Amino acid sequence: MVPCDSCRSSYQFSDITSVSSLQSTVQGKMEELRGSVSAGSLFSPAGNNGDVFTNMWQEATKYFNPVCLPDCNTNFDTANSSTSARSWTYEMAADNPLATYWEMLKTSGALQATINDQFTFKALPLSHCPYGPSKCVPMPGVEFNAEPLNYCSFKMSSDVISAIGSGAASTLENLGSAVFTESETFGKLVGDFERAIDAFLLTAFCCFIIGFIYIVLLRFLIGPCVWCAVLLVQLSLILGGAACYIKSFQCAGSSIFETGQQVAVAVTVTVQVAATNAATGSEATSEALTGDGADYGGVQYRTKSGYACETWGSGVASSYTNPPYTTLAGAQNYCRNPYVATQTNKASTIWCFTTDPQTRWEECTPVGVIQPVCASGYAVTSEEVRKVLEIAGYVVWGFAFIYWLLVCCFFDRIQLAIAVNKVAATFVSHTMRIIGVPIVQAVVGILWILLWGVSVSFLVSQVPADYTPTGAYTTYLEAYGSTNTTGACTDKWPTGSVYKDEDNCSLAVSSWRDMAAVEGVSDEVPLSVSFNGQENFDEFSFGTTPSTLPLANASLPALLVFGAPTVAFDNERHGFFTPNAEKGKRGAIKTSVWNVFRYHLGSLAFGSFIIAVIQFIRYLMNYFEKQAKAQKNRVMALILRCLQCCMYCFEQCIRFLNKNAYIQIALMGTNFCTSAKAAFFLILRNALRFGTVALLSTMVNLIGFFFIVAASVGLGYLFLQALHPDMAFVIPLLMYAMMAYVVAKLFLNVFGLAVDSTLQCFLACEEMDLLGDFVPGEMSKWLDKGHSIEDAHKKDVP
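Residues numbered from 1 in each chain as written. Predicted model: local features only at pLDDT ≥ 70, side-chain atom pairs only at ≥ 80, totals over all residues. Heavy atoms only, no water.

Draft legend 1. Main features of the overall build of the chain. Looking only at helices and strands, the chain has 25 helices and eight strands in total. For the chain, the residues scored as buried account for 40% of the 798 residues in total. Excluding contacts between residues fewer than 6 apart, the proportion of contacts in the chain whose partners are at least 24 apart in sequence is 68%. With an accessible surface of roughly 42900 Å², the chain has 62% of that area assigned to carbon and sulfur atoms. (Helix = DSSP H or I, 4+ residues; strand = E, 2+ residues; numbered from the N terminus. Buried < 20%, exposed > 50% of the residue type's maximum accessible area, 1.4 Å probe, protein only. Contact = heavy atoms within 4.5 Å. Areas by Shrake-Rupley, 256 points an atom, 1.4 Å probe, with all protein chains shown as cover.)

In structure tokens form, the structure reads like this:
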């Protein structure tokens, strides 16, 4: 290596001209960094380090290690002077390109003594900083202020304030605190929510009230809700097609709403002019326009934005008369481009003064021109993409037309779906105690999950002694691997992380280790977990015992089903089959629960066992996919992911069939297999009815979710403003929304299952020709023929 004529650092210090100057410069800088001199000189622009640390505060999280202190008033000088204080001598990492030269400077040359004397730092004792000494070196001149929630903010010491002034010190404090505040924003917001728990409890109470109100309102508003939902779908298709069509010719610099407004104005004026001509028998006026439109003689009287034109020669257009503007002869209030040949300022197209006082004038387009002419090009530059958007608009409009035809054709089925939803809403509002069933089940489910989680955590934490690599590796690639190769610490899932051990290097070059093998951690609580055949068997046997996971999977919907229609043909009728005069007066919850545990517990467990097996297979595939990813086997990982998607779809189908099978069990009292078969063929025979009811019920559920969540969040915001006006509202409102979603799910699940149960009861009555005083008035016109339910006991009803 040949040195250059002048050595200048990245901070543009002056050239070092002699060995003594070099020693003095290094010693002066290090004394400030070690705190051997007044801390004020470290931050002073006149100090040996100049203004280096002014910029450092903008990256405080990079240069400072957050640690836990006994309190914010901890005195570093006192702590460092205690007998338990530590020291740390700077060592350059073995894989640093300059490490060789650093060792040469330490063992020989003019800087040997300076480096050995000046590069040893005081470190806080373990009682103050329970990390390696390299991470516990205090910053000279830095103290702390106590903040809420036991946080400490930056504060400059008195020496620093004396050296740079209170204003500059305050600026440094704010810079450092701002950086850490950004990194701790989420934690502080969560702390705000914790302090606003009173507002949360009020909102939670009101959320349940809102849920009850919605269920009660459904009795009276289910029809308007359904038809509004139907119209919203129709409107969405129309607007979606319009958006694609308008986007296909949207001009650059114009918004899609502005372009849409222009198209709407053009279409409206064109239709209006055509209707007027047809009514009066007049011939259509030529709308030809060439060049700048000076020869235009059409009847356009609206601007691009729809403003009406002012009559030429009056109002704001009083100076435009004929003459001198000969083209205004008979122009009335039609758009024109009037000018005389000697004028230099001429419009580029037809225009008019408007009658709107906020818009003095605006350009126009001829009648019949729907798509605007884009002089500056289109918003979508590709002609092929514009054509695709135009075709997509026509296709979506075609779907809108087909949807309208389907609504007309299936009008009777929509009416039936409304009646089913109304009967279900009436049942839920009459039997509000049924809401307590999923609440109790949710509590049982939470307790079950806690027990299961503790047990599984114990099983998977039984890590073999050789599972976690405890050795050190020379390179990051050898320890962690790359995109296509595995590393010693990442060759199996769960995949650990690696770190560079600079405090306890045991290799000559470098020391990369598995994070789970950190000294003092791996001996007590291994961070890695393992999965093998024994753990999988234990998890499956524990999770699929008929008295545990299957009940957790299916007992909630089953109890709700049995709480809705109950057994149809016993001596004491409940739910749908309750006489109309007694509906809302006769309780069915106790009888339903008794029927579940007395007669149908095996069917309940068997159906749930099927779901549990499918879930276990899907989770097992997920585990194998993780292992394939760890082994960098992309093909196998992709295959397993596709299989998981197939298993998920299969699981959803089985869940749907299970739910309807449970309803059949409650309705007919048959076993699970017989009920599942009956439910399958019932759905097959009435696919359109099930589809219509499912679609409309989904719409009603969406409206319910929006109503409950929006009302709850709105009330929560008012409570928060009243009780804690100075508090950040982001996290509290997010928690209110999550809580409202759970409550809405609770109410609407009950309602949804009541809808499905009501539909099956109706279909049973229809197929068995049953009629009696139990038929709700909303469904009487579909069951106007049949025999009484009492006669069903005399027949061999299938």
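Draft legend 2. Focus on the packing of aromatic side chains. All told, the structure shown has 28 aromatic pairs when counted by the stated rule. Each ring, one from Y320 and one from W351, has its centre 5.6 Å from the other, and the planes form 85°; the classification is edge-to-face. Taken together, the positions of Y320 in the loop between helix 12 (256-280) and strand 5 (351-353) and W351 in strand 5 put the pair 31 residues apart, joining distant regions of the chain. On the basis of relative accessibility, which here comes to 8%, the residue W351 falls in the buried class. We note R386 situated over the ring of Y378; from NZ or CZ to the ring centre the distance is 4.1 Å. (Phe/Tyr/Trp six-rings, centres within 6.5 Å; stacked < 30°, edge-to-face > 60°. Lys NZ or Arg CZ within 6 Å of the ring centre and 35° of its normal.)

Draft legend 3. View of empty space enclosed by the protein. Enumeration according to the criterion identifies three cavities of 30 Å³ or more in this entry. Its volume calculated, the largest cavity comes out at about 90 Å³. Looking at the largest cavity, it is lined by 14 residues, and the ones nearest its centre are Q262, A266, K304, T365 and V369. (1 Å grid on protein atoms, 1.4 Å probe; cavity = no way out; pocket = protein on both sides within 12 Å on 5 of 7 lines; lining within 4 Å. Points joined across faces, edges and corners; volume = space filled by probe spheres on them.)

Draft legend 4. Structural view of the environment of I246. Within the element layout of this structure, I246 appears in helix 11 (residues 197-247). A C-alpha to C-alpha distance of 6.3 Å links I246 and G260, two positions 14 residues apart in sequence. Excluding anything up to four places from it in sequence, I246 contacts I256, T259 and G260.

Draft legend 5. Representation of a nonpolar patch on the surface. On the surface, a cluster of nonpolar side chains totalling about 720 Å² of accessible area is made up of F205, I209, I213, V216, L217, F220, L221 and F707. Element by element, the count of residues in the nonpolar patch is highest for helix 11, at seven residues. Tracing the backbone through its elements, the reader meets F707 in helix 23 (residues 687-723). (Patch = residues over 30% accessible without salt bridge, like charges linked within 9 Å, V, L, I, M, F, W, Y side chains within 5 Å. Salt bridge = Lys/Arg side-chain N within 4 Å of Asp/Glu carboxyl O.)

Draft legend 6. Just the pattern of salt bridges, in detail. Enumeration over the complete set of coordinates arrives at seven salt bridges. Where K629 meets E625, a salt bridge forms, and the shortest distance between an N and an O atom there is 3.4 Å. In this pair, K629 and E625 both sit in helix 20 (residues 601-630), four residues apart, roughly one turn of the helix. We classify E625 as buried; its relative accessible area is 5%. Two residues, E625 and R641, come together in a salt bridge whose shortest N-O distance is 3.0 Å. Here R641 lies in helix 21 (residues 634-668) and E625 lies in helix 20, a separation of 16 residues in the sequence. In this structure R641 comes out as partly exposed when scored by relative accessible area, which is 42%.

Draft legend 7. How the structure looks around the pairing of strand 2 (residues 120-123). Burial along strand 2 is one-sided: the residues F121 and A123 are buried and none of T120 and K122 is. With four bridges joining them, strand 1 (residues 86-89) and strand 2 adopt antiparallel strand pairing. Paired with T89 across the strands is T120, a residue of strand 2. (Pairing = 2+ DSSP bridges.)

Draft legend 8. Geometry of unusual backbone geometry. Cis peptide bonds are those with omega within 30 degrees of zero, and the linkage from N322 to P323 qualifies with -10°. For the bond from P323 to P324, the omega torsion is 10°, close enough to zero to count as cis. Looking at the secondary structure, you find P324 in the loop between helix 12 and strand 5. Residue Q332 is not a glycine yet carries a positive backbone phi of 50°. In this structure, K632 is a non-glycine residue whose phi angle is positive, near 60°. Locating K632 in the fold gives a position in the loop between helix 20 and helix 21.

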